[in-house]
Amino acid sequence: MQRHPSRRALMAAGAALALPGAALAQAQSKAPLADALAPNPAAFRKAMADFTQGHVAQAEGLLLDVPTLADNPGAVPVKVKVTLPITEQDWCEEIIVLADLNPSPLACRLQFTAAAGTAEAAVRVRLSQSQTLHALARMKSGRLLAASQAVTVAASGCGM
């Protein structure tokens, strides 16, 4: 009769094989956790440049509604709305929301069609700290719209 290894023996062997790989991965990681959560200004500039493609955005036509004081940094309410007329010839194709001090600055990307009839959305974004939120919109005509607003993030109630 052939005897099969027990589940416990297989788990122990798997753990022994996985342990050296985990230790190696941790040793290869040169950036501590704090660096992974730090602001990334290069990524912010790249996201802005990729969206604007060298064009200048106008300051009117886009409404960004964000609370000045956010009591929950994990779910900050953000409303974005294109206030320009939406027509079959010119509509909003895309809106992005960027958080300039987040490790990953792109907080939200929204795409629209002419059939939508409007270009507005309400989302919640996570902020790593007090910072400025930027909204950019691209119209079908190529016109860029921009709005920004500073947000102060309150400390959580756990440590108080």
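Above this text sits the structure in question.
The text that follows walks through the structure, step by step, so that each part is easy to find. Quick caveat: nothing in here was measured; it's all calculated off a predicted structure.

1. A closer look at the pairing of strand E1 (residues 62-65)
Along a regular strand, successive side chains alternate from one face of the sheet to the other.
Consideration 1: With burial as the criterion, only one face of E1 is covered, namely that bearing Leu62 and Leu64; the residues Leu63 and Asp65 on the opposite face remain uncovered.
Consideration 2: Across 4 bridges, the pairing between E1 and strand E3 (residues 76-82) is antiparallel. Pairing of Leu62 across the sheet is with Val82, part of E3.

2. Brief notes about helix H3 (residues 41-52)
Consideration 1: Its 12 residues give H3 an end-to-end C-alpha distance of 16 Å, which sits within 8% of 16 Å, the value for a rise of 1.5 Å per residue.
Consideration 2: Listed in full, the buried residues belonging to H3 are Phe44, Ala47, Phe51 and Thr52. An end-on view of H3 places all buried positions within 115° of arc, on one side of the element. Within H3, the exposed residues directed more than 90 degrees away from the buried face are Arg45 and Lys46.
Consideration 3: Close packing links the buried residues of H3 with strand E4 (92-99), strand E7 (131-139) and strand E8 (144-153).
Consideration 4: Two residues or fewer past H3, Gln53 is found with a positive phi of approximately 50°.

3. Focus on the layout of surface pockets
Consideration 1: By volume, the largest pocket amounts to about 170 Å³.
Consideration 2: In this structure, the largest pocket is lined by Pro73, Gly74, Asn102, Pro103, Ser104, Leu106, Ala107, Arg126, Leu127, Ser128 and Val153.
Consideration 3: Here the residues of the lining of the largest pocket are counted per class, giving 6 nonpolar, 4 polar and 1 charged.

4. Here's the deal with the side chain of Asp100
Consideration 1: With respect to the element layout, Asp100 can be found in the loop between E4 and strand E5 (106-111).
Consideration 2: Although Asp100 lies buried, it forms no salt bridge, and the closest oppositely charged side chain, Arg45, sits 10 Å away as judged by the N-O distance.
Consideration 3: Looking at Asp100, its side chain comes within polar contact range of the main-chain nitrogen of Thr132, at 3.3 Å.
Consideration 4: In contact with Asp100, not counting residues within four places along its chain, are Phe44, Gln131, Thr132 and His134.

5. Let's talk about the nonpolar core
Consideration 1: Val82, Ile95 and Leu133 are the most contacted members of the largest nonpolar core, which totals 27 residues.
Consideration 2: Among the elements of the structure, E1, E3, E4, E5, E7 and E8 are those that each provide at least two residues to this core.
Consideration 3: Sequence-distant contacts of Leu133, defined by excluding residues within four places in its chain, comprise Leu64, Val66, Val78, Val97, Leu98, Ala99, Val125, Leu127, Ala147, Ser148, Gln149 and Val151.

What counts as what
- Residue numbers restart at each chain and count upward from 1, following the sequence in its written direction.
- With the structure being a predicted model, the display of local features is reserved for residues of pLDDT at least 70 and the display and counting of side-chain atom pairs for 80 or more, all residues being used for whole-chain, interface and lining totals.
- Excluded from the side-chain calculation are hydrogens and water; included are all heavy atoms of the structure.
- Residue exposure (1.4 Å probe, protein chains only): buried if accessible area is under 20% of the type maximum, exposed if over 50%, otherwise partly exposed.
- In this text, helices come from DSSP runs of H or I with a minimum length of four residues, and strands from runs of E with a minimum of two, each type numbered from the N-terminal end.
- Strand pairing is assigned whenever DSSP identifies at least 2 bridges connecting the two strands.
- Given the number of residues in a helix, its expected span is that number minus one, multiplied by 1.5 Å.
- What the arc describes is the spread of directions from the helix axis to the C-beta atoms.
- Here a residue-residue contact requires only that any non-hydrogen atoms of the pair lie within 4.5 Å.
- In this analysis a 1.4 Å probe is tested at points of a 1 Å grid over the protein atoms alone, and where it fits but cannot get out there is a cavity; an open set with protein on both sides within 12 Å along at least five of seven lines is a pocket; lining residues have an atom within 4 Å of a point.
- Grid points are joined across faces, edges and corners, and a volume is the space filled by probe spheres set on the points.
- Each residue is assigned to one of three groups, with Ala, Val, Leu, Ile, Met, Phe, Trp, Tyr, Cys and Pro labelled nonpolar, Asp, Glu, Lys and Arg labelled charged, and all others, Gly among them, labelled polar.
- Two residue types count as positive, namely Lys and Arg, and two as negative, namely Asp and Glu; His and chain ends fall outside the count.
- The term salt bridge refers to a pairing of a side-chain nitrogen on Lys or Arg with a carboxyl oxygen on Asp or Glu at a separation within 4 Å.
- Pairing of N or O atoms within 3.5 Å defines a polar contact, subject to two protein rules: one partner must be a possible hydrogen donor and the other a possible acceptor, and residues neighboring in sequence count only if both atoms are side-chain atoms.
- The nonpolar core is taken to be a set of buried Ala, Val, Leu, Ile, Met, Phe, Trp, Tyr and Cys residues, with the residues joined through side-chain atoms within 4.5 Å.

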